[in-house]
Amino acid sequence: MDPLSELLGGIRAEGAILGDALLKAPWVVRFDDRAPLTMVTVARGGGVILLADGTAVPVKEGQTAVVRGHEPFRMADDAASVERPHLDYWLTCFDPEACAYEAAPPGGDGPATDLFVGAYRATGRRHERLLRALPPVVVVDDDDETSSLLAVCADDLASRKPGTQAYIDRLFDWGLVCTLRTWFDEQAEAAPSWYRGFADPVAGPALEAIHTRPAAPWTVAGLALQAGVSRALLAKRFTEVMGEPPLTYLTARRMELAEELLADPDLTVAQIARTVGYADQFGFSNAFKRRKGTSPTAYRAKAAV
């Protein structure tokens, strides 16, 4: 288990939509799912994503954009189309039957655009660390593999076989992973340490061990054994790459997991303590309070409001 896989573990596409109607400029599409992540691929034509704060991000044919956050946003053939007569389209992946053209006139004689859209639901809170690492909009150039993916999706949609929606949603899950991985790779040294660190020959094996078995009684010596290096080298290199010592990172990871588990009212604090690697709830509560500034019980009560 690597950090990106774990952070994406609670995010799934639902109701991914393949563009079955070409948008003829001028047009404006409103996205109201309020999903934590929305992925838009331009298979033909192009447009501009318009965020609630006025930010405009162009996306052209052969590019994919991932929009972060729960704020509704729009996409138009051109930013100026919002202020002039245009085809108004409301799009939702979570309630496809509600999608509708809402205003006349219909599309004009401008260039046609075809969009592929997937919105992603999240369970728990593990994805929040991923969202903090992303800008409001990520745009990457699609590779041949992604283009092939869209062709497969379109063919399956046309065949109308049982399970088509689930099949397309899972392919869009794969597409999101590829898109984010491409973007993080492009950031190079600016990518978050948890992404860069996994590829490091020393810090990487220790990171994998922590994310795969966070409850294990890890020591610096045990993590060094996973990496096949000395304790001193592991401690030095891990701190250089990750910005904090290995056991500090381990504690932070355990507390993030605890936050997610505290959302489940059926789990006691003692059960959560054992799940994240503490022998008793008192040691866990002290560690949680030092890290989060409040006790697990108080945190749970506040989150439930």
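Cut-offs used in this document
- Residues numbered from 1 in each chain as written.
- Predicted model: local features only at pLDDT ≥ 70, side-chain atom pairs only at ≥ 80, totals over all residues.
- Heavy atoms only, no water.
- Buried < 20%, exposed > 50% of the residue type's maximum accessible area, 1.4 Å probe, protein only.
- Helix = DSSP H or I, 4+ residues; strand = E, 2+ residues; numbered from the N terminus.
- Pairing = 2+ DSSP bridges.
- Phe/Tyr/Trp six-rings, centres within 6.5 Å; stacked < 30°, edge-to-face > 60°.
- Lys NZ or Arg CZ within 6 Å of the ring centre and 35° of its normal.

Looking at the pairing of strand β4 (residues 27-31)
Side chains on a regular strand alternate between the two faces of the sheet.
Line of reasoning, step 1. Most of β4 is tucked away: four of the five residues are buried.
Line of reasoning, step 2. Sheet topology note: the β4/strand β10 (residues 87-91) ladder contains five bridges and is parallel. Among the inter-strand pairings, R30 is bridged to a residue of β10, identified as W90.
Line of reasoning, step 3. Judged from the four bridges that link them, β4 and strand β9 (residues 73-76) form a sheet pairing that is antiparallel. The partner of V28 across the bridge, within β9, is A76.

Describing the environment of V177
Line of reasoning, step 1. With respect to the element layout, V177 can be found in helix α4 (residues 164-187).
Line of reasoning, step 2. V177 sits in the partly exposed class, given a relative accessible area of 28%.
Line of reasoning, step 3. Sequence separation between V177 and T248 is 71 residues, and the spatial gap between their C-alpha atoms is 28 Å.

Let's talk about the packing of aromatic side chains
Line of reasoning, step 1. Inspection of the entire model under this criterion finds nine aromatic pairs.
Line of reasoning, step 2. Seen in terms of ring centroids, F288 and Y299 are 5.5 Å apart; in terms of plane orientation they differ by 75°. Their pairing is edge-to-face. Note that F288 is positioned in helix α11 (residues 281-292) and Y299 in helix α12 (residues 296-304), a separation of eleven residues in sequence.
Line of reasoning, step 3. Among the aromatic residues, those joined into a cluster by ring pairs are W183, F184, W194 and Y195.
Line of reasoning, step 4. Positioned above the aromatic ring of Y278, the side-chain terminus of R254 is 5.6 Å from the ring centre.

These figures capture arrangement, not role.
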